[in-house]
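The lines below spell out each chain.
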Amino acid sequence: MDSRLHRAWAEGKGALNGWLSIPSTVTAEFMALQDFDSLTVDLQHGLVDYQTALSLFQAVEGRGPAALARVPWNEPGIIMKLLDAGAMGIICPMINTAEDAKNFVGACRYYPDGYRSTGPTRAGLIYPDYFPTANKSIIALAMIETVEAVGNVDAICATPGLTGVYVGPSDLAVSMLKSPGMDPTDPEVVANIDKILAAVKKAGLKAGIHCLTAAYSRKMVEKGFDFVTLASDVRMFLNAASGDVKTYRDLEAKR
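This write-up is about the structure you can find in this document. (Residues numbered from 1 in each chain as written. Predicted model: local features only at pLDDT ≥ 70, side-chain atom pairs only at ≥ 80, totals over all residues. Heavy atoms only, no water.)

1. Re the overall build of the chain
Within the chain one finds 13 helices and eight strands. Taken over the C-alpha trace, the chain has a radius of gyration of 18 Å; the compact-globule value for 255 residues is 18 Å, and the two agree within 12%. Expressed as lengths along the three principal axes of its C-alpha atoms, the size of the chain is roughly 70 × 40 × 30 Å. Among the 255 residues that make up the chain, the fraction classed as buried is 51%. Surface accessibility of the chain: about 11800 Å² in total, with carbon and sulfur atoms responsible for 57%. (Helix = DSSP H or I, 4+ residues; strand = E, 2+ residues; numbered from the N terminus. Rg over C-alpha atoms; globule rule 2.2 N^0.38 Å. Buried < 20%, exposed > 50% of the residue type's maximum accessible area, 1.4 Å probe, protein only. Areas by Shrake-Rupley, 256 points an atom, 1.4 Å probe, with all protein chains shown as cover.)

2. Some words on the packing of helix H3 (residues 50–60) against helix H4 (residues 76–84)
At their nearest, the axes of H3 and H4 sit 10 Å apart, and the two run at 30° to each other. The pairing of H3 with H4 is recorded here as roughly parallel in orientation. Viewed along their axes, H3 and H4 form a crossing whose handedness is right-handed. On the side of H3, the interface is formed by Tyr 50, Ala 53 and Phe 57, while H4 contributes Ile 78, Lys 81 and Leu 82. (Axes fitted to C-alpha atoms, helices over the stretch in contact; angles between N-to-C directions. Parallel < 35°, antiparallel > 145°, perpendicular 65-115°, else oblique. Left-handed = near helix turned anticlockwise from the far one by under 90°. Contact = heavy atoms within 4.5 Å.)

3. Points about the nonpolar core
Within the largest apolar cluster, 83 residues are counted, with the highest numbers of intra-cluster contacts made by Leu 82, Ile 90, Phe 104, Tyr 130, Ile 196, Phe 225 and Phe 227. Setting aside residues up to four positions removed in sequence, Phe 225 forms contacts with Gly 14, Val 167, Ile 193, Leu 197, Ala 207, Gly 208, Ile 209 and Met 220. (Core = buried A, V, L, I, M, F, W, Y, C linked by side-chain atoms within 4.5 Å.)

4. Here we look at the environment of Cys 108
With respect to the helices and strands, the residue Cys 108 is situated in helix H5 (residues 98–108). Here Cys 108 falls in the buried class, since its relative accessible area comes to 0%. Sequence separation of Cys 108 and Gly 151 is 43 residues, and the distance between their C-alpha atoms is 24 Å. Each residue touching Cys 108, except ones within four places of it in the same chain, is listed here: Ile 79, Leu 83, Ile 90, Arg 116, Ile 138 and Ala 140.

5. Things to note about the packing of aromatic side chains
In this structure the tally under the stated criterion is five aromatic pairs. Note on Tyr 110 and Phe 131: the rings are 5.0 Å apart at their centroids and 40° apart in plane angle, and the pair reads as tilted. A residue pair is termed long-range when its members are at least 10 positions apart, and Tyr 110 in the loop between H5 and helix H6 (123–126) and Phe 131 in helix H7 (residues 130–137) qualify at 21 residues. Put simply, the rings of Trp 9, Trp 19, Tyr 166 and Phe 227 touch in pairs and so form one group of aromatic residues. The lysine or arginine in question, Lys 81, covers the ring of Tyr 50, its NZ or CZ lying 4.7 Å from the ring centre. (Phe/Tyr/Trp six-rings, centres within 6.5 Å; stacked < 30°, edge-to-face > 60°. Lys NZ or Arg CZ within 6 Å of the ring centre and 35° of its normal.)

6. Let's talk about the environment of Val 150
Locating Val 150 in the fold gives a position in helix H8 (residues 147–151). Remark: the alpha-carbon pair of Val 150 and Leu 172, spanning 22 residues in sequence, is separated by 8.9 Å. Among residues more than four places away in sequence, those in contact with Val 150 are Ile 144, Leu 172, Asn 192, Lys 195 and Ile 196.

7. Quick notes on the layout of surface pockets
Estimates place the volume of the largest pocket at around 390 Å³. Along its surface, the largest pocket is lined by 20 residues, and Trp 19, His 45, Arg 70, Met 182 and His 210 are the ones closest to its centre. For the lining of the largest pocket, the elements supplying multiple residues, two or more each, are helix H10 (169–175) and strand S7 (206–211). Class assignment for the residues of the lining of the largest pocket results in seven nonpolar, eight polar and five charged. (1 Å grid on protein atoms, 1.4 Å probe; cavity = no way out; pocket = protein on both sides within 12 Å on 5 of 7 lines; lining within 4 Å. Points joined across faces, edges and corners; volume = space filled by probe spheres on them. Nonpolar A, V, L, I, M, F, W, Y, C, P; charged D, E, K, R; others polar.)

Next comes the structure, spelled out in structure tokens:
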């Protein structure tokens, strides 16, 4: 169970992750043809359900990037079902306590490391050595995105089997009574992100964060993050469409 994401980390590189929110195998395949190390199917805020997620995995796999999924919530059933469908890893939202982290990791690991049920319907076919390697290979990233979670970050990072932590900057800002948004510059929000990063590095885990722009993503890698998400398919599509339409209208106005 090797992947481009595993190899990037093995080489000490900051991995570039893409975000799939559009329920289309066509756009997923186009994203997979780009130079991403991984692509995450978003079942929380994206427009994707389980059946579509399975199709998106099929569109991504074999193109290069590792296929991950962000689940709607810390619920074992959907975590196990997406792993059985072939997800190489799971990003789980709103992990606020060590108990939350323990429950999340347990759903990603087979006994004795967890309580995941055995039945990798598709994963066992595309990865012939799945069962003996899954516990070591499956990526489990806990989202820290509240003030409560920041206060518990050391305990969360001490969770056995946790691959790393993924910062959700927008929800983190909201929990601090700040305006939501990506690529934060507010000193207090940045200070909490720095606190999370320091705790993750101290624990020897991987640190990830969701970003909006390429420049901010690179800044986060240079800061020490191992995994950065660049916007999303929706934002990329809208940015390209709005930019081209604006250019046309500006040219039209000059006539």
